[in-house]
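Below, each chain spelled out in residue letters.
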Amino acid sequence: VLSHNLCTVLNVPHDPVALEEHFRDDDEGPVSNQGYMPYLNKFILEKVQGNFDKVEFNRMCWTLCAKKNLSKSPLLISDEDAFKVWVIFNFLSEDKYPLIIVPEEIEYLLKKLTEAMGAGWQQEQFDHYKIALNTSREGLSAWELIDLIGSGQFSKGMDRQTVSMAINEVFNELILDVLKQGYMLKKGHKRKNWTERWFVLKPNIISYYVSEDLKDKKGDIILDGNCYVEALPDKDGKKCLFLIKCLDKSFEISASDKKKKQEWIQAIQTTVNLLRVGSPPPHKEARQKRKELRQKLLAEQEELERQMKELQTANENKQKELETVRKQLEAAAARAAEEEKKRLQTQVELQDRFSLELEREKMVRQKMEEQVAQKSSELEQYLQRVRELEEMYKQLQEALEDEKQARQDEETVRKLQARLLEEESAKRAELEKWHLQQQQTIQMTEAEKQELENQRMIKEQALQVAMQQLEQLELERKEALEQYEEVKKKLETAANNTKSWKDKVAHHEGLIRLIEPGSKNPHLITNWGPAAFTEAELEQRQKSWKGKKATSE
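It should be emphasised that the depicted structure is a prediction, and the values quoted were computed from it without experimental measurement. (Residues numbered from 1 in each chain as written. Predicted model: local features only at pLDDT ≥ 70, side-chain atom pairs only at ≥ 80, totals over all residues. Heavy atoms only, no water.)

**Some thoughts on the overall build of the protein**
Looking only at helices and strands, the protein features 12 helices and 9 strands. The globule rule puts the C-alpha radius of gyration for 553 residues at 24 Å, and the 76 Å found for the protein is more than 25% above it. Taking the principal axes of its C-alpha atoms as reference, the protein extends roughly 175 × 170 × 70 Å. Here the protein holds 553 residues, and 23% of them are scored as buried. Contacts spanning at least 24 positions in sequence make up 54% of the contacts within the protein whose residues lie at least 6 apart. Accessible area of the protein: about 42000 Å², with a carbon and sulfur share of 54%. (Helix = DSSP H or I, 4+ residues; strand = E, 2+ residues; numbered from the N terminus. Rg over C-alpha atoms; globule rule 2.2 N^0.38 Å. Buried < 20%, exposed > 50% of the residue type's maximum accessible area, 1.4 Å probe, protein only. Contact = heavy atoms within 4.5 Å. Areas by Shrake-Rupley, 256 points an atom, 1.4 Å probe, with all protein chains shown as cover.)

**Digging into the domain arrangement of the protein**
Per the domain assignment, the segments making up the protein are domain 1 (1–175), domain 2 (178–280) and domain 3 (390–419). Here domain 1 and domain 2 have C-alpha centroids that lie 32 Å from each other. (Domains from an automatic or database assignment.)

**A word on the pattern of salt bridges**
Think of it this way: side chains of opposite charge can pair up when their charged atoms draw near. On inspection of all chains with the given rule, the structure shows 25 salt bridges. One salt bridge connects Glu 173 with Lys 112, and the closest N-O pair in it is separated by 2.9 Å. Here Lys 112 lies in helix α6 (residues 103–117) and Glu 173 lies in helix α9 (residues 160–174), a separation of 61 residues in the sequence. Classification of Glu 173 as partly exposed rests on a relative accessible area of 22%. Glu 423 is paired through a salt bridge with Arg 419; the nearest N and O atoms lie 3.1 Å apart. Taken together, the positions of Glu 423 and Arg 419, both in helix α11 (residues 282–507) and 4 residues apart, correspond to about one turn of that helix. Taking relative accessible area as the criterion, Glu 423 reaches 37% and is therefore assigned partly exposed. (Salt bridge = Lys/Arg side-chain N within 4 Å of Asp/Glu carboxyl O.)

**Some words on the pairing of strand β2 (residues 194–202)**
As paired elements, strand β1 (residues 180–187) and β2 share 8 bridges and run antiparallel to each other. Among the inter-strand pairings, Lys 180 is bridged to a residue of β2, identified as Leu 201. The antiparallel pairing of β1 with β2 creates a hairpin that spans 6 residues between the two strands, and Lys 192 there sits at a positive phi of about 60°. Sheet topology places β2 next to strand β3 (residues 205–209); 5 bridges connect them, and they run antiparallel. In the sheet register, Val 200 faces β3, and the bridge partner there is Ser 207. Connecting the antiparallel pair β2 and β3 is a turn made up of 2 residues. (Pairing = 2+ DSSP bridges.)

**Overview of a nonpolar patch on the surface**
A contiguous nonpolar surface patch, about 400 Å² in accessible area, is contributed by Leu 463, Met 467, Leu 470 and Leu 473. Looking at the secondary structure, you find Met 467 in helix α11. With relative accessibility at 42%, the residue Met 467 sits in the partly exposed group. (Patch = residues over 30% accessible without salt bridge, like charges linked within 9 Å, V, L, I, M, F, W, Y side chains within 5 Å.)

**Section: the UniProt feature "domain: PH" (unreviewed entry) in the protein**
The residues that UniProt annotates with the feature "domain: PH" (unreviewed entry) are residues 177–273. Measuring from the first to the last C-alpha atom of residues 177–273 gives 16 Å, for a span that is 16% helix and 44% strand. (UniProt positions renumbered as here; feature names shortened; annotations may be inferred.)

**Examining unusual backbone geometry**
Unlike most non-glycine residues, Asn 11 shows phi in positive territory, near 60°. Its place among the elements puts Asn 11 in the loop between α1 (2–9) and α2 (16–22). With a phi angle near 55°, Cys 240 is a residue other than glycine that sits in the positive phi range. Relative to the assigned elements, Cys 240 resides in the loop between β5 (228–232) and β6 (241–245).

Printed below as a string of structure tokens:
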């Protein structure tokens, strides 16, 4: 039944099969809160789209828990007002379980109720209550808040109806997001007549009803960032006019007086401005700021407590260190006292010992004086002996000087002899060195002579071989000259024969010309005519001429 009612209120389709499947194995008795919560989260709350009536949902939750937890003592508020206070508690409570409302939010709610009732706020009274509350707990539960408001502790002198109206006004503002409401005249769009309507301003809409019981809604004015509101001059006998201009439609409205007109214009303009910047309604934004401020103060308080603990720990450590130092100082003082006692005792012993030593020293000094007198006479004798010895020492010193001079002369002569011997030894060594060099030179000369003799023999042999080769070449040259002379003679003979033959041919003036194979080279032209000689013949003739010329010369 609970799951079905929740699905109905939240506009979620109920799935009884899933319910049966989820709790099929649970046969150990009634389902606990811990056992029901997973099913509630998975199959109901995760499917919520936000398009449900929150007041009806709160009313169902109130029905489930009010009978068990609501106080049985008589209250100055009705059950309906208690329900609204419970819903306001859920809105203002902290986001942690179990839910409580902190003193700051209690003060905010009581101030709103006092303001709605038209009474003055008693800050001193609340401060006393806050002090008493902080000593016992962090805040109030929902039922304790209902008891506080229902007891009339902060609404003394107010009747039940005034308190109920104040609770309703705060409920409308905080829960229903009603920013302003009241009766005004609205001009119709079709018949252009003026009708009184109950207007309710919310963050994004203005709804108007026949009366304030909100049962018969006549229409809505959808607000967005493009809407604006402006005052209109009086006309048609209507005063305090203003215009709400939207994208598709405009609305002319008449307030009851100038103050109401200005309040409505300002409230609507503020709502439009919030829509333009995307800000939440003022009361929700204020709640968020108060919450952030509390969190900041809590963080600062925790940081301060942490620092205080650190300081306390550091202070305890310092106290321990100081106690340790104090004990050390006490121990040092005890040691110092003991040492001072020992020092005084030692000083007394030293003084006694010093007195004894002083007496002994006096006796010793007397004996020493006697000994000094005796030693003085001995000293005179000793000094006389010393003078005699000094005289003898001077004589000995002069004798030593003479002996020293003689030794120096002897040393000089000895050094001269040693120098001469060194020079003689050096010359002897030099002569021996020269002798060795001569012997080495003679040996090297003999070796070189033998080597030169061997080279001479080798060269003579080579020369003989070369003379033989030269003689052979001379013979060959002679033979070649003989052959050359023979060939020369043959050539001269052939040349003479050729000359006589050509002379005969030329004598006949070229009438008879021998036919010979032509040369591929260009023909030579002489005074004998074209092709009279070949190139080889011409060269042979040139050689012959040169030879004859050389012979004649």
